Amino acid sequence: GMLRIIKSKVKIPVYVMIRPRGADFCYTADEVAVMKEDIKMLKENGADGIVFGVLLPNGEIDCTLTKELIDVSAPLPVTFHRAFDMCQDLEKGLEQLISLGVQRVLTSGGDSTCLEGLPQLEKLVKQANGRIIVVPGGGINERNVDRILTGCKATEFHGSCRSSVESSMKYRNSSVTMGASFHPPEFTTKVTCSTRVEKMLKIAKCTSC
């Protein structure tokens, strides 16, 4: 439902992430089956690209499963998400993704944020040498996007550009929480802020001039 509504409102390509659950990126057979069915349904409903990431227990790219998911996604382009940052060997992992035909890899350079991983991001962009698009993502905002793009020479980037929106609920039962012991605020949601998107795009375009 969300994909159809988004496609009806925007003209830019919409890439959809396949993530059957939180936590790690080593999936069971049932979870893999869910991922494949999700990809098929998203293709039928207008997705322009598919985003996923799968690893082996030893911290390497699960090349066999990645190839299977690429085949299911075809002819749509594929992005390998930040599961990449959990690899034990980023350089080897990058070469594996290139050999598999992955178009993009989303990464913070194997660190918590792109600023912290900037030296590694620069190495990955150089290693890729145009064979795959390295997309920095993780903690990018208006204050650091110029430094990150300049520092690693990336041509694309990922940012959530989120802002908090207060709930319209007037009655609020503070005794009940919807979730586990650790939970986000019940009456605040995170949404993409168009103003922040425009500002970051303007900075990025100036950086590439």
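Structure shown above.
Residues numbered from 1 in each chain as written. Predicted model: local features only at pLDDT ≥ 70, side-chain atom pairs only at ≥ 80, totals over all residues. Heavy atoms only, no water.

Enquirer: I tried to follow empty space enclosed by the protein on my own but got confused; where do I start?
Expert: Tallying each qualifying case throughout the model produces one cavity of 30 Å³ or more. Taken as a whole, the largest cavity encloses approximately 30 Å³ of empty space. If you trace the largest cavity, you find it lined by G59, E60, I61, C87, Q88, D89, K92, G93 and Q96. Tallied by class, the residues present in the lining of the largest cavity amount to two nonpolar, four polar and three charged. (1 Å grid on protein atoms, 1.4 Å probe; cavity = no way out; pocket = protein on both sides within 12 Å on 5 of 7 lines; lining within 4 Å. Points joined across faces, edges and corners; volume = space filled by probe spheres on them. Nonpolar A, V, L, I, M, F, W, Y, C, P; charged D, E, K, R; others polar.)

Enquirer: Help me understand the side chain of N141 in this model?
Expert: Within the element layout of this structure, N141 appears in the loop between strand 5 (133-136) and helix 6 (145-152). We classify N141 as buried; its relative accessible area is 13%. Every residue in contact with N141, bar those within four places of it in the chain, is listed here: R196 and M200. (Helix = DSSP H or I, 4+ residues; strand = E, 2+ residues; numbered from the N terminus. Buried < 20%, exposed > 50% of the residue type's maximum accessible area, 1.4 Å probe, protein only. Contact = heavy atoms within 4.5 Å.)

Enquirer: Hey, could you run me through the pattern of salt bridges in this one?
Expert: Two side chains that carry opposite charge are able to pair once their charged atoms sit near each other. Counted under the stated rule, the structure contains 13 salt bridges. Notably, a salt bridge pairs R104 with E156, separated by 2.8 Å at the nearest N-O pair. With R104 in strand 4 (residues 104-107) and E156 in the loop between helix 6 and strand 6 (162-166), this pair connects stretches of sequence that are 52 residues apart. (Salt bridge = Lys/Arg side-chain N within 4 Å of Asp/Glu carboxyl O.)

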